[in-house]
Amino acid sequence: MSKSWRLLDYSSKDPKMDWAVNEAIFRSRRVGLTPDTLRLWQGPNTVVLSAHSSYEGDIKHEACRKYDVGIVRATSTTGDIFYYDMGSLNFTFAVDTSYFKHLIKNYQPVLSEYEVINESIAKGLHRFGVNSKADAYGVYIDDRRISEAMPLWFYDFLLFQGTLHINTNLNLYEEVIRTRHFEKKVALTSLSRELGKDVPMDEAKKALLQGIKERLNVNFVEHSLTDDEQNLAQKLYRIKYGLNKWNVDAKEPFLIGMGKTAVEVFVAYPPTSMCRKLMDIVKSVTLDLEGKVEVMIWMRGRGIQQHGPRPEMSNALRDAEKRHVIPAVIINGELKFQGFIPSRENLRKAILDAL
Amino acid sequence: MEETFYCILCKKPMSPALGRIADCSFCGKRERADYVCPSGHYICEDCRIASSDRIIKKVCEATQETDPIKIAILLMKHPAIQMFGPEHHYLVSSVLLAALRNLGNFEIDNSAFEKAITRGKRIPLGSCGLWGACGAAVGVGIAVSVATKSSWTSDKERSLSMQATCEALSEIAKIGGSRCCKASTFAAIEAASKFFEREFGINFTSLTSPHPCYFKAYNDECLRDKCPYFK
């Protein structure tokens, strides 16, 4: 029996909002508020940086200004910089991949999930009579790449966000991304370049949906974004995707679940008197912030499972553990207080500032 | 409801000490305790927040123990000593020096631990696979060097330090991989024990058996039957 997925056909005119929406969809999926979801969307001329790309080194900024190309950084585990425009069909899979395992022969963790999604895209392209094929790293027509993606993992949940070059302006693509990237990449192509004519986007969408339905054995139910997703996308835009701190410096805030402000308290096990006092103060200053703030007490040496099967832990907390900084208070992934007990006023202010 | 804490040494539930005076099971400090376990284990506040080098130094300075394996197991139960990590490199040299001092065979004062830790910290994580020299084995060489006051200009002491590293390295290499810092620590100390007996006539008579390994239950990457300490 096929599995039911939510289908979203939602596009914003602002690339930064579009990528905030992707993360909001993913967070909603992984906390169980929404089912597995496919979003198909289009956006204006945009260069997308991966979490590890260099804002200064990988983009031709003058060309971006000249051609009015927006720049945004995607949250991703891996992937390489790419470009899309209104001629590209963007896709966002937000799925629990445990379902995929029975669809795959010779299952290999991580690579097989990418491969099966890419196969579903390649299957959709077959409808145009092209020789499309897929592997874990992309979708190709003969040896030319036609699709690019930036995956993000959260335990078994995968956000597979990328673009399929239908009528993409590949000349502009090469104008805005530095040449050294093309040296690493296999040759790019688009469906229109292969067919020698523009392809209506509606036809491309239909073909893609059919390929996905067949390969992944799913059916689609059309929906719109939930209120929670819209609110979270607004917050993510405000504190992450709309800011240079993320897009330029690649520094992201650490949020829990559906965007709650995270207050992580790192203490000894069992807590010392100073640790206990700190825990009491944190509890008292966050009492009226329930729903907005998630307080997590992490005790040294108790392992990541002390907060359930799929806990979220910031890099700053990992660093505090490695450097034996005890006690410590980390707010939205930033180490705010260490080795002493802050006053109630200072702690409260730091938390409110992070909301 | 009050949270239950479990003793990091014996895993039994701890209970409030109700003002009882207890000795810290790590550094021996005597103070008013907050939590103790039924076996009488208590960990002082300073030890609870200690970093890896601080807890190694504190324990080795304070211990009266002459069995380096026993000191190593105690230290490796402390949360500052992770399952895998470069702190094992200087843990090996420090526990050997502490046991040697307690046996009265060498002139070893507290500065010896500082030296061992400073030298051991220069050996990076993964040196086993990347350099072909596990830091636990080099830790044995450091212990011999510190105990014999060897330097690069020394004659016999220099050779002994290298020979000790060589013998420990050979034993660790036999275990295979991937790496296990606990198994390497045990193998290094056992090799050191044979070396000190042969070269200096020192007998760590009470050398505790590390079998079966206490840490196997907590190690997701345990080598299991492949490891000589598994059973």
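Everything numeric in this text was worked out from a predicted model, so none of it was measured.

Novice: So what's going on with the overall build of chain B? Which residues, and what values?
Specialist: Secondary structure assignment for chain B yields nine helices and four strands. Helices and strands in chain B line up, N terminus first, as β-β-β-β-α-α-α-α-α-α-α-α-α. The C-alpha atoms of chain B give 18 Å as radius of gyration, which agrees with the globular expectation for 231 residues (17 Å, within 12%). The contacts of chain B with a sequence gap of at least 6 include a subset with a gap of at least 24, amounting to 59%.

Novice: A description of the overall build of chain A should follow, citing residues and the corresponding values.
Specialist: The helix and strand inventory of chain A stands at 12 helices and 16 strands. Against the compact-globule benchmark of 20 Å for 355 residues, chain A has a radius of gyration of 22 Å, which places it among compact chains. In terms of its C-alpha atoms, chain A occupies a principal-axis envelope of roughly 75 × 50 × 35 Å. When burial is assessed residue by residue, chain A has 44% of its 355 residues classed as buried.

Novice: Talk me through the sheet that holds strand β10 (residues 157-165) of chain A; I want residue IDs and the actual numbers.
Specialist: Residue and element names in this part refer to chain A. Pairing is mixed across the open sheet formed by eight strands, whose spatial order is β7-β8-β9-β10-β6-β2-β1-β11. Every interior strand has two partners, whereas the edge strands, β7 (132-135) and β11 (218-223), have only one. Across the sheet, the mean angle from the axis of one strand to that of its neighbour is 20°, orientation sign disregarded. Two strands pair when backbone bridges link them, and strand β9 (residues 144-154) and β10 are joined in this way by eight bridges, in the antiparallel orientation. By the bridge assignment, W153 is partnered in β10 with L158.

Novice: Which residues make up the interface of chain A and chain B, and what values do they have?
Specialist: In this assembly, nine residues from chain A lie in contact with 10 residues from chain B. Partitioned by chemical class, the residues of the side of chain A that touches chain B number four nonpolar, four polar and one charged.

Novice: Let's hear about helix α3 (residues 68-76) of chain B: which residues, and what values?
Specialist: All names here are of chain B. Among the nine residues in α3, seven count as buried, and that is most of the element. Taken as a whole, α3 has its buried residues at P68, I69, I71, A72, I73, L75 and M76. On its buried face, α3 sits against α2 (52-62), α4 (87-103) and α9 (181-200).

Novice: An account of the nonpolar core is needed here, citing residue identities and associated values.
Specialist: If you look at the biggest cluster of nonpolar residues, it comprises 103 residues, and the most contacted ones within it are L97, V140, A188 and A192 of chain B. Each residue touching A188 of chain B, except ones within four places of it in the same chain, is listed here: V92, A136, A137, G139, V140, A168 and I172 of chain B. One finds A74, Y84, Y241 and W246 of chain A within the second-largest nonpolar core, a separate group that totals 63 residues.

Novice: Quick one: what's the story with the environment of L188 of chain A, residue by residue and with numbers?
Specialist: All names here are of chain A. Turning to its location among the elements, L188 is positioned in the loop between α5 (179-184) and α6 (191-195). Judged by local crowding, L188 falls into the partly exposed class, with 19 C-beta atoms found within 10 Å. Between the alpha carbons of L188 and Y137 there is a distance of 14 Å; along the sequence they are 51 residues apart. Ignoring sequence-local partners within four residues, the contact set of L188 consists of R144, R145, H165, L170 and Y173.

Novice: Account for the pairing of strand β4 (residues 70-73) of chain A, naming residues and giving values.
Specialist: Strand direction decides the pairing type here: strand β3 (residues 46-49) of chain A and β4 of chain A, joined by four bridges, are parallel. In the strand pairing of β4 of chain A, V48 of chain A is matched with V72 of chain A.

Novice: Talk me through the domain arrangement of chain B; I want residue IDs and the actual numbers.
Specialist: Residues and elements named next belong to chain B. For chain B, the assigned domains read domain 1 (1-49) and domain 2 (51-226). One C-alpha centre belongs to domain 1, the other to domain 2, and the line joining them spans 27 Å. Listed by partner, the interface residues are six residues for domain 1 and seven residues for domain 2.

Novice: Hey, could you go over the domain arrangement of chain A for me, with residue numbers and the actual values?
Specialist: Residue and element names in this part refer to chain A. The domain boundaries assigned to chain A delineate domain 1 (3-247) and domain 2 (255-354). Put simply, the parts of the chain that give the side of domain 1 that touches domain 2 at least two residues each are α1 (15-30) and α8 (227-241). With four residues, α8 is the largest single contributor of residues to the side of domain 1 that touches domain 2. In terms of residue class, the side of domain 1 that touches domain 2 is built from four nonpolar, one polar and three charged.

Novice: I'd like a description of unusual backbone geometry, backed by residues and values.
Specialist: Residue and element names in this part refer to chain B. Cis geometry is found at the peptide bond from G177 to S178, where omega equals 5°. Note on placement: S178 falls in the loop between α8 (156-175) and α9. With an omega dihedral of -15°, the bond running from H211 to P212 counts as a cis peptide bond. You can see P212 is positioned in the segment after α9.

Novice: Lay out the sheet that holds strand β5 (residues 82-84) of chain A with the relevant residues and their values.
Specialist: All names here are of chain A. The strand order across the open sheet built from three strands is β4-β3-β5, with neighbouring strands paired in mixed fashion. Every interior strand has two partners, whereas the edge strands, β4 and β5, have only one. Across this sheet, the average inter-strand angle for adjacent strands is 25°, counted without regard to direction.

Novice: Describe α2 of chain B, and please don't skip the residues or the numbers.
Specialist: Given 3.6 residues to a turn, an α-helix orients residues that are three or four positions apart in the same direction. All names here are of chain B. Across the 11 residues that make up α2, a large majority, eight, are buried. If you check which residues of α2 are buried, you get S52, D53, I55, I56, K57, K58, V59 and C60. Those residues of α2 that are buried lie in contact with α1 (45-48), α3, α4 and α5 (111-120).

Novice: Give a description of the pairing of strand β15 (residues 328-331) of chain A that names residues and reports values.
Specialist: Residues and elements named next belong to chain A. Side chains A328 and I330 of β15 all project onto a buried face; the interleaved residues V329 and I331 project onto the opposite face, where all are buried too. Two strands pair when backbone bridges link them, and strand β13 (residues 260-267) and β15 are joined in this way by four bridges, in the antiparallel orientation. In the sheet register, V265 faces β15, and the bridge partner there is V329. Relative to strand β16 (residues 334-338), β15 is paired through four bridges, and the arrangement is antiparallel. Among the inter-strand pairings, I330 is bridged to a residue of β16, identified as L335. In this antiparallel pair of consecutive strands, β15 and β16, the connection spans two residues, and N332 shows a positive phi of 50°.

Novice: So, the environment of L159 of chain A: which residues are in play, and what are the values?
Specialist: Residues and elements named next belong to chain A. Relative to the helices and strands, L159 resides in strand β10. C-alpha separation for the pair L159 and R29, spaced 130 residues apart in sequence, amounts to 9.5 Å. Sequence-distant contacts of L159, that is, excluding residues within four places in its chain, are made with N22, F26, T92, A94, P151 and L152.

Novice: Tell me about the packing of α3 of chain B against α9 of chain B, and please be specific about residues and values.
Specialist: Residues and elements named next belong to chain B. Running from amino to carboxyl end, α3 crosses α9 at an angle of 160°, the nearest separation of the two axes being 10 Å. It follows from the interaxial angle that α3 and α9 lie roughly antiparallel. The interaxial crossing formed by α3 with α9 has right-handed handedness. Residues P68, I69, A72 and M76 of α3 form the contact with α9, whose participating residues are K182, T185, F186 and I189. Broken down by class, the residue content of the contact of α3 with α9 amounts to six nonpolar, one polar and one charged.

Conventions and cut-offs
Residues numbered from 1 in each chain as written. Chains lettered and ligands numbered in written order. Predicted model: local features only at pLDDT ≥ 70, side-chain atom pairs only at ≥ 80, totals over all residues. Helix = DSSP H or I, 4+ residues; strand = E, 2+ residues; numbered from the N terminus. Rg over C-alpha atoms; globule rule 2.2 N^0.38 Å. Contact = placed C-beta atoms within 7 Å. Buried ≥ 20, exposed ≤ 12 C-beta atoms within 10 Å, placed from the backbone. Pairing = 2+ DSSP bridges. Axes fitted to C-alpha atoms, helices over the stretch in contact; angles between N-to-C directions. Nonpolar A, V, L, I, M, F, W, Y, C, P; charged D, E, K, R; others polar. Core = buried A, V, L, I, M, F, W, Y, C linked by C-beta atoms within 7 Å. Domains from an automatic or database assignment. Parallel < 35°, antiparallel > 145°, perpendicular 65-115°, else oblique. Left-handed = near helix turned anticlockwise from the far one by under 90°.

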